[in-house]
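# Inside the fold
In case you want the letters, here they are:
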Amino acid sequence: MSKLYLLKTIVAILVLTLIIFSNNSYAQSHPNIEFENFWIVLPPSVARSTAGYGVIKNTGNAADRLIGIKSNAGAVMLHKTNISGGRAKMIHMENMLINANSELTLEPMSFHLMFMDLCPIIFIEGGRATITFEFENSGLIEVEVPIKPSW
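To start, this report covers the structure provided alongside it.

### Considering the overall build of the protein
A tally of helices and strands in the protein yields one helix and ten strands. Mapped in sequence order, the helices and strands of the protein form the string α-β-β-β-β-β-β-β-β-β-β. Counting all 151 residues of the protein, 34% fall into the buried class. Of the contacts formed within the protein by residues at least 6 apart in sequence, a portion of 67% connects residues at least 24 apart. Roughly 9600 Å² of accessible area belongs to the protein as shown, and the carbon and sulfur atoms make up 58% of that amount.

### Regarding the layout of surface pockets
Sizing a probe to match a water molecule and rolling it over the atoms shows the empty space that remains. Taken as a whole, the largest pocket encloses approximately 150 Å³ of empty space. Among the residues making up the lining of the largest pocket, the classes are represented as seven nonpolar, one polar and two charged.

### What to know about the environment of isoleucine 121
Its place among the elements puts isoleucine 121 in the loop between β8 (111-116) and β9 (128-135). The exposure class assigned to isoleucine 121 is exposed, which follows from its relative accessible area of 69%. Each C-alpha atom of the pair isoleucine 121 and alanine 73 lies 8.6 Å from the other, and the pair is 48 residues apart in sequence.

### Looking at the pattern of salt bridges
The tally for this structure, following the rule as stated, stands at two salt bridges. Measuring nitrogen to oxygen at the nearest pair gives 3.4 Å for the salt bridge that ties lysine 57 to glutamate 36. Of this pair, lysine 57 sits in strand β2 (residues 49-58) while glutamate 36 is found in strand β1 (residues 33-41), placing the two residues 21 residues apart along the sequence. Here glutamate 103 makes a salt bridge to lysine 57, at a shortest N to O gap of 3.9 Å. Taken together, the residues span a long stretch of sequence, with glutamate 103 in strand β7 (residues 102-106) and lysine 57 in strand β2 at a distance of 46 residues. The exposure class of glutamate 103 is partly exposed, given its relative accessible area of 44%. When salt bridges with common partners are traced through the structure, they connect Glu36, Lys57 and Glu103 into a single cluster.

### Here's the deal with the pairing of strand β5 (residues 87-92)
With zero of six residues buried, β5 is to be regarded as a mostly surface element. Two successive antiparallel strands, strand β4 (residues 75-84) and β5, enclose a turn made up of two residues, where glycine 85 displays a positive phi of approximately 60°.

### Points about the nonpolar core
Counting 27 residues, the largest nonpolar core has Ile56, Leu113, Phe115 and Phe133 as its most contacted members. Counting only elements with at least two residues in this core, the list comes to β1, β3 (64-71), β4, β6 (96-98), β7, β8, β9 and β10 (139-148). If near-sequence neighbours (up to four positions away) are discounted, leucine 113 is found in contact with Phe38, Thr50, Ala51, Gly52, Ile69, Val76, Met77, Leu78, Leu106, Ile131 and Phe133.

### Examining the side chain of threonine 50
Looking at the secondary structure, you find threonine 50 in strand β2. Only 2.7 Å separates the side chain of threonine 50 from the backbone oxygen of valine 41, close enough to count as a polar contact. The contacts of threonine 50, once residues within four sequence positions are left out, are Ile40, Val41, Pro43, Leu113, Met114, Phe115, Leu118 and Phe123.

The rules we used
- Residues numbered from 1 in each chain as written.
- Predicted model: local features only at pLDDT ≥ 70, side-chain atom pairs only at ≥ 80, totals over all residues.
- Heavy atoms only, no water.
- Helix = DSSP H or I, 4+ residues; strand = E, 2+ residues; numbered from the N terminus.
- Buried < 20%, exposed > 50% of the residue type's maximum accessible area, 1.4 Å probe, protein only.
- Contact = heavy atoms within 4.5 Å.
- Areas by Shrake-Rupley, 256 points an atom, 1.4 Å probe, with all protein chains shown as cover.
- 1 Å grid on protein atoms, 1.4 Å probe; cavity = no way out; pocket = protein on both sides within 12 Å on 5 of 7 lines; lining within 4 Å.
- Points joined across faces, edges and corners; volume = space filled by probe spheres on them.
- Nonpolar A, V, L, I, M, F, W, Y, C, P; charged D, E, K, R; others polar.
- Salt bridge = Lys/Arg side-chain N within 4 Å of Asp/Glu carboxyl O.
- Pairing = 2+ DSSP bridges.
- Core = buried A, V, L, I, M, F, W, Y, C linked by side-chain atoms within 4.5 Å.
- Polar contact = N/O pair within 3.5 Å; in protein donor to acceptor, adjacent residues only side chain to side chain.

Dropping the structure here:
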């Protein structure tokens, strides 16, 4: 075996080792966004808005920021309900940071999705809406969400 062949083999092993370790640390330093228990409240036929709830989990090892939401069911925004002096006020959240290994719970009287300009062919009992969440690092994630009565 020549010295040149041995040197090339050692260099190839070192390069492969670097690739494996860099890919492993790359995977470990990214967010991993998951959605659980999402649903949208079926509004009365005269309503012009409704809410959606669920849990957005980041099971990855890096934070990610929710920067946009769209839906085929109507206009949708992330809101937070603040109660002050016995009055509830909804605040539009332009974006929301979801830290690594944490979750954002959307529930009544807290963070929630607010749907407006409702699409009548989607907002029926048993209907399903498509919500597209846009994250700074994870990109676009599409979720199919059932529409059901609040009771």
